[in-house]
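# Summary of structural features
The chain contents come next:
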Amino acid sequence: MTTHHTRTVYIATIFSALGGLLFGYDTGVISSALLYLKTDFHLSSGSEELVVSAVLIGAIIGALIGGALADKLGRRRTIIACAALFILAAIETAFAYSITQLIIGRIITGIAVGVASLASPLYISEIAPPNIRGKLVGFNQLAVTSGILFAFIVSYGFSFTVGNWRWMFLFATVPAFVLGVGMYFLPPSPRWLMRQGKNKDAKKILESLRGTNDVDQELNDIRHAITQQSSGIKAIFKPNIRPLLFIGIALSIIQQITGINTIIYYAPTIFQMAVFHVKSQAIMATVFVGITNVAFTILSLLIIDRLGRRKLLLISVGGMIIALILLATAFLLPALKADIGIIAVLALLLYVAFFAIGLGPVFWLLITELYPLEIRGKCMSVASLFNWLFNLIIGSTLLTIVHSISLSGTFWLYAGISVFSWFYILKYVPETKGKSLEALQKELTA
Ligand code: BGC
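A brief report on the enclosed structure follows. (Residues numbered from 1 in each chain as written. Predicted model: local features only at pLDDT ≥ 70, side-chain atom pairs only at ≥ 80, totals over all residues. Heavy atoms only, no water.)

### So, the overall build of the protein chain
- A tally of helices and strands in the protein chain yields 19 helices and zero strands.
- On C-alpha atoms alone, the protein chain measures out to a radius of gyration of 21 Å, which is about the 22 Å that the 2.2 N^0.38 rule sets for 446 residues.
- The principal-axis extents of the C-alpha atoms in the protein chain amount to approximately 65 × 50 × 40 Å.
- Put simply, the protein chain has 446 residues, and 58% of those count as buried.
- Sequence-distant contacts, at least 24 apart, represent 83% of the contacts inside the protein chain between residues at least 6 apart.
- For the protein chain, the exposed area adds up to about 17300 Å²; of that, 71% sits on carbon and sulfur atoms. (Helix = DSSP H or I, 4+ residues; strand = E, 2+ residues; numbered from the N terminus. Rg over C-alpha atoms; globule rule 2.2 N^0.38 Å. Buried < 20%, exposed > 50% of the residue type's maximum accessible area, 1.4 Å probe, protein only. Contact = heavy atoms within 4.5 Å. Areas by Shrake-Rupley, 256 points an atom, 1.4 Å probe, with all protein chains shown as cover.)

Below, the structure is given as structure tokens:
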């Protein structure tokens, strides 16, 4: 197996990761846009919740259809279709003059987010040489976190003005356009081509991606992997696939129920409760959350192929447990208010840092590595569907949970869930670093 690669691999990674950027931006932008939408549309609290969750509802639909689309149309064409949908949806939302129009625009945006959330990492994983696959797929998560940070910065900028939410939504057309045009000029996944029986095209593309003619071994491995599997929906429930599907679903749920989006979506509110009472200060502190998220994702990319996925996950969830206990304790002791504020902010940053180093990127990477080529798209659909579903559930129940068991209680709950998650990972998650997707297929489905 050649581990050579060319600049094309990096260029293709960067362009397709724009799908991740849009995922981050479009999920992050709503909390600040909401401040202005509330007054412009006189939103009731019910419709406010709907405006916030519309993108997640769309993403659930997108995840559901994304895998089948990526298998049928191909990874590259699916991403191009996504780019077109992102543009349409951004225009629809930016020019919305009724709540219905707004919500429809956000649901369509969500569909594009859901499809892109699996199609971009899938494409990158299938063009990457095994020795840097973690770093390259992780690049997509770096784009997600950059998109979120960008949304935070935009909202900080707008917090001093009357605010123009239309521009916030319209901005997404720029990366979406670059994504669509970029992907048009990039090659399809050679693995998908082989599955379509287009062996000659696959060979040519693999040669150009690896920068050598010595790709026969890799092609043979892919060919062999294809002939061993059936691709029907029933295939994902076969006894040798079921445990892998379960690991994908479990990690997907773990990524959400350990509470990350409580912080990503509600950081300004939590900061306001903890220490900063001025709105712009709270949003500024939120920008630091975004920067921490990006910085530690970069660190993760630098070590993921050496340290391995499992170790990184265990370090990540272990650190999150400590940060959550700190948070829970800080919010338990209102008597020491000023100091608690600082401890709470630092613990929050620590929590985000530990998420970013492992659980953030590794989940989206592992679901591209665990499954055989023939059913990779379908299994990724199922796993990411649960991710978006639990994202929606956690986001929409947070305030109710905080009201009934307090903020401290909520962090204790996340800490408890994280302890269970740590042991689950220790027992069930396999190591996938350094091996080709085909070698993994052989090993994991044996
Ligand atoms: C998760 C998102 C989360 C983001 C934060 C992603 O891996 O799937 O739900 O908002 O990381 O960086």
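Structure's up, so let's keep going.
### Section: the packing of aromatic side chains
- A complete count under the given rule lists 12 aromatic pairs for this structure.
- Residues F41 and W165 carry aromatic rings whose centres are separated by 5.7 Å and whose planes lie at 55° to one another, so their mutual orientation is tilted. Residue F41 is located in helix α3 (residues 30–41), and its partner W165 is located in helix α8 (residues 165–170); the two are separated by 124 residues in the primary sequence. The residues F41 and W165 share a single accessibility class, namely buried. (Phe/Tyr/Trp six-rings, centres within 6.5 Å; stacked < 30°, edge-to-face > 60°.)

### Points about the site of the ligand
- Around the ligand sit 13 residues, and of these Q141, Q255, Q256, N261 and N293 come closest.
- Between the ligand and Q141, the relevant distance is 3.0 Å, taken from an oxygen atom to a side-chain nitrogen or oxygen of the residue.
- Contact distances for the ligand include 2.9 Å between an oxygen atom and a side-chain N or O atom of N293.
- The fraction of the free accessible surface of the ligand (310 Å²) that becomes covered by protein chains is 99%.
- Elements with a minimum of two residues in the shell around the ligand: α7 (133–158), α13 (242–257), α17 (337–369) and α18 (376–428).
- Here the shell around the ligand is composed, by residue class, of four nonpolar, nine polar and no charged. (Near = heavy atom within 4 Å. Polar contact = N/O pair within 3.5 Å; in protein donor to acceptor, adjacent residues only side chain to side chain. Nonpolar A, V, L, I, M, F, W, Y, C, P; charged D, E, K, R; others polar.)

### A look at the side chain of D71
- Within the secondary structure, D71 is located in helix α4 (residues 45–72).
- Overall, D71 belongs to the buried group, its relative accessible area being 7%.
- In contact with D71, other than residues within four places in its own chain, are W192, R195, Q196, E374, G377 and K378.

### Examining the pattern of salt bridges
- Taken as a whole, this structure holds 15 salt bridges when the rule is applied.
- With a shortest N-O distance of 4.0 Å, E48 and K38 are connected by a salt bridge. Taken together, the positions of E48 in helix α4 and K38 in helix α3 put the pair 10 residues apart, joining distant regions of the chain.
- The exposure class assigned to E48 is partly exposed, which follows from its relative accessible area of 22%.
- A salt bridge links R195 to D71; the nearest nitrogen and oxygen atoms lie 3.8 Å apart. In this pair, R195 is assigned in helix α10 (residues 190–195) and D71 in helix α4, connecting sequence segments 124 residues apart.
- Sharing partners across several salt bridges, the network here consists of D71, R75, E126, R195, E374 and R376. (Salt bridge = Lys/Arg side-chain N within 4 Å of Asp/Glu carboxyl O.)

### Brief notes about helix α1 (residues 7–16)
- V9, A12, T13 and S16 are the residues of α1 that are buried. For α1, the arc enclosing every buried residue in end-on projection is 100°, short of the 170-degree limit, so these residues lie on one face. (Arc of directions from axis to C-beta.)

### A look at the environment of E48
- Considered as a pair, E48 and I148 are 100 residues apart in the sequence and their alpha carbons are 20 Å apart.
- Setting aside residues up to four positions removed in sequence, E48 forms contacts with L34, K38 and L43.

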